[in-house]
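# Structure at a glance
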Amino acid sequence: MGKKDIGVGVIGIGMGANMLFLNRDPHSRFEVRAVCSPTAEKVRRLAEEWQLPFWTTDYRELVQRDDIQVVGVYSPDHLHAEHALAALRAGKHVVCTKPMCTNDDDAAELVRAVEETGLKFLVGQTMRFDPEFSNAKRMVEDGDLGEIIFAEAHYVHDVRPIWPLTPWRLQVPQDFMYGGACHPVDLLRWFLGDVEEVHAYGCKSNLTPEYAYHDNYLINLKFKNGVIARVLAAYGLVEPPMPMMGLGLFGTKGSLI
């Protein structure tokens, strides 16, 4: 049995609610002790259900608590930097769901804050934990495919049913290059390392005319090790007839798709 001696506070109770299961893991040292969401009724109900000692609608109250050592940021994408910076400046380690932020200036400020505080900052790239992809990683590390020559990955989605569930994606709006394409790009980086060159095209499908940005992307990547790869990140599609997430690896001994 693990001693629950590391307190966790969660900002955002959509995907962030998954962190509550730490409290049921007898071997984990982590314990969620506080939750935050702008909707008082929802966050109050969740806190009561899980018997949490504290809930709030103000993230500033959460990050200042002495019984919290780690803050999980699961708010809408455009708020990640604000919430993560507040946690770091309050002396808390941070776990942030992807993307870390949505512009270069915020990225630089977050990096500076981590360097200045010496705190831990982890961006949660969840696809690495999917059994399909973790098994592929093991095959590559074991040499089953030989040297990788070429790779590809995709994340495709008809997002129209998602707008009513998370209206901020349309109202802010969410930038799918940050909020979607990062999944397949990160998978490829996990296998192939750092990227040296990037070339991309984007288009606006107009399936949702009020969405202001491109919603479909084709991205070519050249990695520092010389391997080339391609990414299909498409969200303005009508019921795409393929798995939502996919990976292809082509090596000197074999291929995996």
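Here's what I pulled together on the structure shown here.

Rules behind the numbers
- Residues numbered from 1 in each chain as written.
- Predicted model: local features only at pLDDT ≥ 70, side-chain atom pairs only at ≥ 80, totals over all residues.
- Heavy atoms only, no water.
- Helix = DSSP H or I, 4+ residues; strand = E, 2+ residues; numbered from the N terminus.
- Rg over C-alpha atoms; globule rule 2.2 N^0.38 Å.
- Buried < 20%, exposed > 50% of the residue type's maximum accessible area, 1.4 Å probe, protein only.
- Contact = heavy atoms within 4.5 Å.
- Areas by Shrake-Rupley, 256 points an atom, 1.4 Å probe, with all protein chains shown as cover.
- Lys, Arg positive; Asp, Glu negative; His and termini not counted.
- Charge placed at Lys NZ, Arg CZ, Asp CG, Glu CD.
- 1 Å grid on protein atoms, 1.4 Å probe; cavity = no way out; pocket = protein on both sides within 12 Å on 5 of 7 lines; lining within 4 Å.
- Points joined across faces, edges and corners; volume = space filled by probe spheres on them.
- Nonpolar A, V, L, I, M, F, W, Y, C, P; charged D, E, K, R; others polar.
- Pairing = 2+ DSSP bridges.
- Axes fitted to C-alpha atoms, helices over the stretch in contact; angles between N-to-C directions.
- Polar contact = N/O pair within 3.5 Å; in protein donor to acceptor, adjacent residues only side chain to side chain.
- Salt bridge = Lys/Arg side-chain N within 4 Å of Asp/Glu carboxyl O.

### Some remarks on the overall build of the protein
In terms of helices and strands, the protein carries eight helices and 12 strands. Here the C-alpha atoms of the protein give a radius of gyration of 20 Å, agreeing with the 18 Å that 2.2 N^0.38 yields for 257 residues. Here the C-alpha coordinates of the protein stretch approximately 55 × 45 × 35 Å along the principal axes. Put simply, the protein has 257 residues, and 44% of those count as buried. Once local pairs closer than 6 in sequence are excluded, the contacts in the protein between residues at least 24 apart make up 66%. Total accessible area computed for the protein in this model is approximately 13,700 Å², and 54% of it derives from carbon and sulfur atoms. Of the charged side chains in the protein, 26 are positive and 34 negative; the average position of the first set lies 4 Å away from that of the second.

### A short note on the environment of Ile228
The residue Ile228 is located in strand S10 (residues 228-234) in this model. Judged by its relative accessible area of 44%, Ile228 is partly exposed. Sequence separation between Ile228 and Glu197 is 31 residues; the distance between their C-alpha atoms is 9.4 Å. In this view, Ile228 contacts Ile149, Phe150, Ala151, Leu221 and Lys222; residues no more than four positions away in its chain are not counted.

### Brief notes about the layout of surface pockets
In this structure, the largest pocket spans a volume of roughly 1,100 Å³. Forming the boundary of the largest pocket are 44 residues, of which Gly14, Tyr74, Thr166, Trp168 and Arg169 lie nearest the centre. Sort the elements by how many residues they give to the lining of the largest pocket and helix H1 (residues 40-50) lands first, with four residues. Size it by volume and the second largest pocket reaches roughly 440 Å³. Lining the second largest pocket we find 15 residues, and of these Met177, Cys182, Val185, Asp186 and Arg189 sit closest to its centre. Among the elements that make up the lining of the second largest pocket, the one with the highest residue count is helix H8 (residues 182-192) (four residues). Of the residues assigned to the lining of the second largest pocket, the class counts are 12 nonpolar, one polar and two charged.

### A short note on the sheet that holds strand S8 (residues 195-203)
Each strand in a sheet pairs with its neighbour through backbone hydrogen bonds, running either in the same direction (parallel) or in the opposite one (antiparallel). The strand order S8-S9-S10-S7-S11-S12 describes an open sheet built from six strands, whose pairing is mixed. Pairing within the sheet leaves two strands with one partner each, and these edge strands are S8 and strand S12 (255-256). Inspection of the sheet shows strand S7 (residues 148-156) paired to strand S11 (residues 245-251) by seven bridges, in the antiparallel sense. Looking at the pairing, Tyr155 lines up with Met245 of S11. Across the sheet, helix H5 (residues 131-141) touches S7, S11 and S12, and the angle it forms with S11 is around 10°. Sheet strands touched by H8: S7, S8, strand S9 (216-223), S10 and S11. Its angle to S7, the strand with the most contacts, is close to 155°.

### Focus on the side chain of Asn216
Assignment of secondary structure puts Asn216 in strand S9. For Asn216, the side chain forms a polar contact with the main-chain nitrogen of Gly236, separated by 3.0 Å. What Asn216 contacts, discounting residues up to four positions off in sequence, is Tyr201, Gly202, Cys203, Ser205, Ala233, Ala234, Tyr235, Gly236 and Leu237.

### What to know about the pattern of salt bridges
Two side chains with opposite charge may pair up if their charged atoms get near one another. Enumeration over the complete set of coordinates arrives at 13 salt bridges. Its salt-bridge partner being Glu109, residue Arg89 comes within 2.6 Å of it at the nearest N-O pair. Linking Arg89 in helix H3 (residues 80-89) with Glu109 in helix H4 (residues 104-117), this pair joins segments that are 20 residues apart in sequence. Arg89 sits in the exposed class, given a relative accessible area of 57%. Take Glu109: its relative accessible area is 26%, and that puts it in the partly exposed class. Glu141 is the partner of Lys137 in a salt bridge, and the nearest nitrogen-oxygen pair spans 2.6 Å. Of this pair, Lys137 and Glu141 both sit in helix H5, four residues apart, roughly one helical turn. Each of the salt bridges in this network shares a partner with another, and the network as a whole consists of Glu41, Arg44, Arg45 and Glu48.

### Structural notes on the sheet that holds strand S4 (residues 70-73)
Taken together, six strands build an open sheet; the order of strands is S3-S2-S1-S4-S5-S6 and the sheet is parallel. Unpaired on one side and paired on the other, strand S3 (54-56) and strand S6 (121-124) mark the two borders of the sheet. Looking at each pair of strands side by side, their axes are set apart by 25° on average, direction ignored.

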